[in-house]
Amino acid sequence: MNREQVPSCEFLHAHRDVVARVKGRLPSDDALGDLAELYHIFGDSTRIRILYALFESELCVCDIATLLGMTVSAISHQLRLLKSASLVRWRREGKTVFYALADDHVRRILDQGMEHVNEEH
């Protein structure tokens, strides 16, 4: 698109009140950055598959690796990212660590995303 095709706003002054009102309601740059990072975590299909598996049951790393046909090392890496984003919680039972969804927010985020995806089909 060249400069002649870029739309311009010749009457910006006519909407300053709207711009000021909307600007006052926008989240802070820090909050938006944190939200972008959260959605980045959801941007990997392996992590999404892990979260969906944890919808069904609390699982250990070996269970998840077997279920998804991946190595324990690969699953451990993804679980570290999910833990750092507070999307999964863990508990130790002897030498085994079990993982579960951190809370219902995670389920709701994925449910809403899937609902949106299914509307397109």
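What comes next concerns the included structure. Bear in mind that the values here come from a model prediction, so they are computed numbers and not experimental data.

### What to know about a negative patch on the surface
- On the surface, Asp29, Asp30, Asp34 and Glu37 cluster together into a negatively charged patch.
- As for its placement among the helices and strands, aspartate 34 is situated in helix α2 (residues 29-41).

### Considerations on helix α3 (residues 45-56)
- Here α3 contains twelve residues, and its C-alpha end-to-end distance of 17 Å stays within 8% of the 16 Å for a straight helix at 1.5 Å per residue.
- Buried within α3 are the following residues: Thr46, Arg47, Ile50, Leu51, Ala53, Leu54 and Phe55.
- Measuring from the side-chain oxygen of the N-cap residue of α3 to the backbone nitrogen of threonine 46 gives 2.9 Å; that N-cap residue is aspartate 44.

### Concerning helix α6 (residues 104-120)
- The end-to-end C-alpha separation of α6 is 25 Å, in line with the 24 Å expected for 17 residues at 1.5 Å each.
- The N-cap residue of α6 is aspartate 103: its side-chain oxygen and the backbone nitrogen of histidine 105 are 2.9 Å apart.

### Brief notes about the sheet that holds strand β1 (residues 59-60)
- Pairing is antiparallel in the open sheet, where three strands are placed in the order β1-β3-β2. For this open sheet the edge positions go to β1 and β2 (88-93), each flanked by a neighbour on one side alone.
- Alignment of β1 against strand β3 (residues 96-101), held across two bridges, turns out to be antiparallel. Its bridge partner being in β3, leucine 59 is matched across the sheet by tyrosine 99.
- Packing of helix α5 (residues 72-84) onto the sheet brings it into contact with β2 and β3, and relative to β2 it is tilted by some 115°.

### Focus: the packing of aromatic side chains
- Overall, the coordinates contain two aromatic pairs when judged by the stated rule.
- Both rings, one in tyrosine 39 and one in phenylalanine 42, keep their centres 6.4 Å apart while their planes meet at 50°; by these two values the pair is tilted.
- For tyrosine 39, a relative accessible area of 48% translates into the label partly exposed.
- When its relative accessible area of 12% is taken as the criterion, phenylalanine 42 is described as buried.
- Between the aromatic rings of tyrosine 52 and phenylalanine 55, the centroid separation amounts to 4.7 Å while the plane-to-plane angle is 55°, which identifies the pairing as tilted. Remark: phenylalanine 55 and tyrosine 52 occur in helix α3; sequence separation between them is three residues, near one turn of the helix.
- The exposure class of phenylalanine 55 is buried, given its relative accessible area of 12%.
- Over the ring of phenylalanine 55 we find arginine 107, and its NZ or CZ is 4.2 Å from the ring centre.

Thresholds, definitions, all that
Residues numbered from 1 in each chain as written. Predicted model: local features only at pLDDT ≥ 70, side-chain atom pairs only at ≥ 80, totals over all residues. Heavy atoms only, no water. Patch = residues over 30% accessible without salt bridge, like charges linked within 9 Å, V, L, I, M, F, W, Y side chains within 5 Å. Areas by Shrake-Rupley, 256 points an atom, 1.4 Å probe, with all protein chains shown as cover. Salt bridge = Lys/Arg side-chain N within 4 Å of Asp/Glu carboxyl O. Lys, Arg positive; Asp, Glu negative; His and termini not counted. Charge placed at Lys NZ, Arg CZ, Asp CG, Glu CD. Helix = DSSP H or I, 4+ residues; strand = E, 2+ residues; numbered from the N terminus. Expected span 1.5 Å × (residues − 1). Buried < 20%, exposed > 50% of the residue type's maximum accessible area, 1.4 Å probe, protein only. Polar contact = N/O pair within 3.5 Å; in protein donor to acceptor, adjacent residues only side chain to side chain. Pairing = 2+ DSSP bridges. Contact = heavy atoms within 4.5 Å. Axes fitted to C-alpha atoms, helices over the stretch in contact; angles between N-to-C directions. Phe/Tyr/Trp six-rings, centres within 6.5 Å; stacked < 30°, edge-to-face > 60°. Lys NZ or Arg CZ within 6 Å of the ring centre and 35° of its normal.

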